[in-house]
Amino acid sequence: MCGIFGIASVSALAESRCLLEALTDRLQHRGPDERGSYLDDTVFLGHRRLSIIDLRGGRQPMTACDGRYVIVYNGELYNFREVRAALENRGL
């Protein structure tokens, strides 16, 4: 299982990105393969990845094409082949 760290209302901590990154790195035992983070005025999202199926893809945090949404999550889309085909058929 991957490691996920997040904190809302980070305005007071925004200057301490190093601290937030260090807190994310404390989860290395949950995800030794990759790391990622996102910081804006209101939220910090940190992710440590354990690669099992998609060894080259799956970078997180994930951002919507328009940049409006950012997520980190731990989960497996068991029907990913069907979802991918449906999205490709829609031109996405």
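Residues numbered from 1 in each chain as written. Predicted model: local features only at pLDDT ≥ 70, side-chain atom pairs only at ≥ 80, totals over all residues. Heavy atoms only, no water.

A. Up close: the overall build of the protein chain. Within the protein chain one finds two helices and five strands. Seen in sequence order, the protein chain has helices and strands lined up from the N terminus as β-α-β-β-β-β-α. Counting all 92 residues of the protein chain, 23% fall into the buried class. (Helix = DSSP H or I, 4+ residues; strand = E, 2+ residues; numbered from the N terminus. Buried < 20%, exposed > 50% of the residue type's maximum accessible area, 1.4 Å probe, protein only.)

B. Up close: the sheet that holds strand β1 (residues 3–8). Overall, antiparallel pairing links the three strands, which are arranged β1-β3-β2 in an open sheet. For this open sheet the edge positions go to β1 and β2 (34–39), each flanked by a neighbour on one side alone. Neighbour to neighbour, the strand axes of the sheet diverge by 5 degrees on average, direction disregarded. Where helix α1 (residues 17–25) meets the sheet, it contacts β1, β2 and β3 (43–49), and its direction lies at approximately 145 degrees from that of β2. (Pairing = 2+ DSSP bridges. Axes fitted to C-alpha atoms, helices over the stretch in contact; angles between N-to-C directions. Contact = heavy atoms within 4.5 Å.)

C. Inspection of the pairing of β3 at higher detail. Within β3, six of the seven residues are buried, leaving the element largely enclosed by the surrounding structure. Pairing between β1 and β3: six bridges, direction antiparallel. The partner of G6 across the bridge, within β3, is L45. Alignment of β2 against β3, held across six bridges, turns out to be antiparallel. Residue pairing across strands places E34 opposite R49, the latter belonging to β3. Here β2 hands over to β3 after three residues, the two strands then running antiparallel side by side.

D. Geometry of the packing of aromatic side chains. Scanning the entire structure with this criterion turns up one aromatic pair. Between F5 and F44, the aromatic rings sit 6.0 Å apart at their centres with planes inclined by 55 degrees, giving tilted as the arrangement. Taken as a pair, F5 in strand β1 and F44 in strand β3 lie far apart in primary sequence, 39 residues in all. An identical accessibility class is assigned to F5 and F44; each is buried. (Phe/Tyr/Trp six-rings, centres within 6.5 Å; stacked < 30°, edge-to-face > 60°.)

E. Layout of a nonpolar patch on the surface. A cluster of nonpolar side chains, I52, I53, L77 and F80, forms an exposed patch at the surface whose accessible area comes to about 400 Å². I53 sits in the exposed class, given a relative accessible area of 54%. (Patch = residues over 30% accessible without salt bridge, like charges linked within 9 Å, V, L, I, M, F, W, Y side chains within 5 Å. Areas by Shrake-Rupley, 256 points an atom, 1.4 Å probe, with all protein chains shown as cover. Salt bridge = Lys/Arg side-chain N within 4 Å of Asp/Glu carboxyl O.)

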